[in-house]
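The residues making up each chain are set out below.
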Amino acid sequence: ATHSGFSFVNAANVYKVCDQPHPTTVRKCVQACMDGDADTAFHALHSLWAQGYSALDLVGTLFRVVKNFDMPEFYKLEYIREVGACHVRVAEGCDTLLQLSGLLARLARVKRKAAAGALPPM
């Protein structure tokens, strides 16, 4: 299908055909959250939202990226817990950009919790 539509098979064209957000952009969101920078994460997410991806697609890709992201195990579990809770809310119909923005803020807050001593340090 990729070759028929674009005459060239590469990662960008495959993601266009599959209509899934590109994991590299989502990885930038996760890295920004790991750095505690919710604004940068929001701008990356907003660019995907503006391209027309649904909240369910974004949360699903975010889960896959977090699952394979190189971070301490405890933080990975915290991130997966937050993404899972957001996935439930999105699946129930609350699929807005505000819901996804709140998720990014909660992910960025994980580092601040660690700095305050509520979680193990990174």
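Right above here is the structure, for reference.
As the structure is a prediction and not an experimental result, all values here were calculated from the model.

K.L.:
What is the right way to read the packing of helix α3 (residues 23–34) against helix α5 (residues 55–68) from this model?
P.N.:
The N-to-C vectors of α3 and α5 enclose an angle of 70°; their axes lie 9 Å apart at closest approach. What the angle tells us is that α3 and α5 run roughly perpendicular. Crossing of α3 over α5 shows right-handed handedness. Counting all contacts with α3, which are made through Pro-23, Val-26, Arg-27 and Val-30, the residues of α5 involved are Thr-61, Leu-62, Val-65 and Val-66. Its residues assigned to classes, the contact of α3 with α5 comprises six nonpolar, one polar and one charged.

K.L.:
Is there a simple way to explain the packing of aromatic side chains in this structure?
P.N.:
Each aromatic ring pair is summarised here by two numbers: the centre-to-centre distance and the angle between the ring planes. The tally for this structure, following the rule as stated, stands at one aromatic pair. Centroid distance Phe-74 to Tyr-75: 6.2 Å. Interplanar angle 85°. Geometry classified as edge-to-face. When its relative accessible area of 35% is taken as the criterion, Phe-74 is described as partly exposed.

K.L.:
Even after reading the chapter, I still don't get helix α6 (residues 73–91), so can you show me in this structure?
P.N.:
Since the α-helix advances by 3.6 residues per turn, residues separated by three or four positions end up pointing in the same direction. Its 19 residues place the ends of α6 26 Å apart at the C-alpha level, agreeing with the 27 Å of an ideal helix rising 1.5 Å per residue. Listing the buried residues of α6 in full gives Tyr-75, Lys-76, Glu-78, Tyr-79, Glu-82, Val-83, Cys-86 and Val-90. The buried side chains of α6 occupy one side of the element, clustering within an arc of 160° when seen end-on. Opposite its buried face, α6 presents the exposed residues Glu-73, Leu-77 and Ala-91, each directed more than 90 degrees away. Looking at the buried side of α6, the elements it contacts are α3, α5 and α7 (97–115). Taken from the residues just after α6, Gly-93 is the one with a positive phi, measuring 120°.

K.L.:
Before we go on, may I ask you to explain the pattern of salt bridges in this structure?
P.N.:
Where side chains of opposite charge bring their charged atoms close, a pairing between them can arise. Under the criterion given, the structure shown has three salt bridges. Across the pair Glu-78 and Arg-81 runs a salt bridge whose closest N-O atoms are separated by 2.8 Å. Taken as a pair, Glu-78 and Arg-81 lie in helix α6 at a separation of three residues, close to a single helical turn. Residue Arg-81 is classed as partly exposed on the basis of its relative accessible area, which comes to 45%. Notably, a salt bridge pairs Arg-81 with Glu-82, separated by 3.5 Å at the nearest N-O pair.

Cut-offs and rules
Residues numbered from 1 in each chain as written. Predicted model: local features only at pLDDT ≥ 70, side-chain atom pairs only at ≥ 80, totals over all residues. Heavy atoms only, no water. Axes fitted to C-alpha atoms, helices over the stretch in contact; angles between N-to-C directions. Helix = DSSP H or I, 4+ residues; strand = E, 2+ residues; numbered from the N terminus. Parallel < 35°, antiparallel > 145°, perpendicular 65-115°, else oblique. Left-handed = near helix turned anticlockwise from the far one by under 90°. Contact = heavy atoms within 4.5 Å. Nonpolar A, V, L, I, M, F, W, Y, C, P; charged D, E, K, R; others polar. Phe/Tyr/Trp six-rings, centres within 6.5 Å; stacked < 30°, edge-to-face > 60°. Buried < 20%, exposed > 50% of the residue type's maximum accessible area, 1.4 Å probe, protein only. Expected span 1.5 Å × (residues − 1). Arc of directions from axis to C-beta. Salt bridge = Lys/Arg side-chain N within 4 Å of Asp/Glu carboxyl O.

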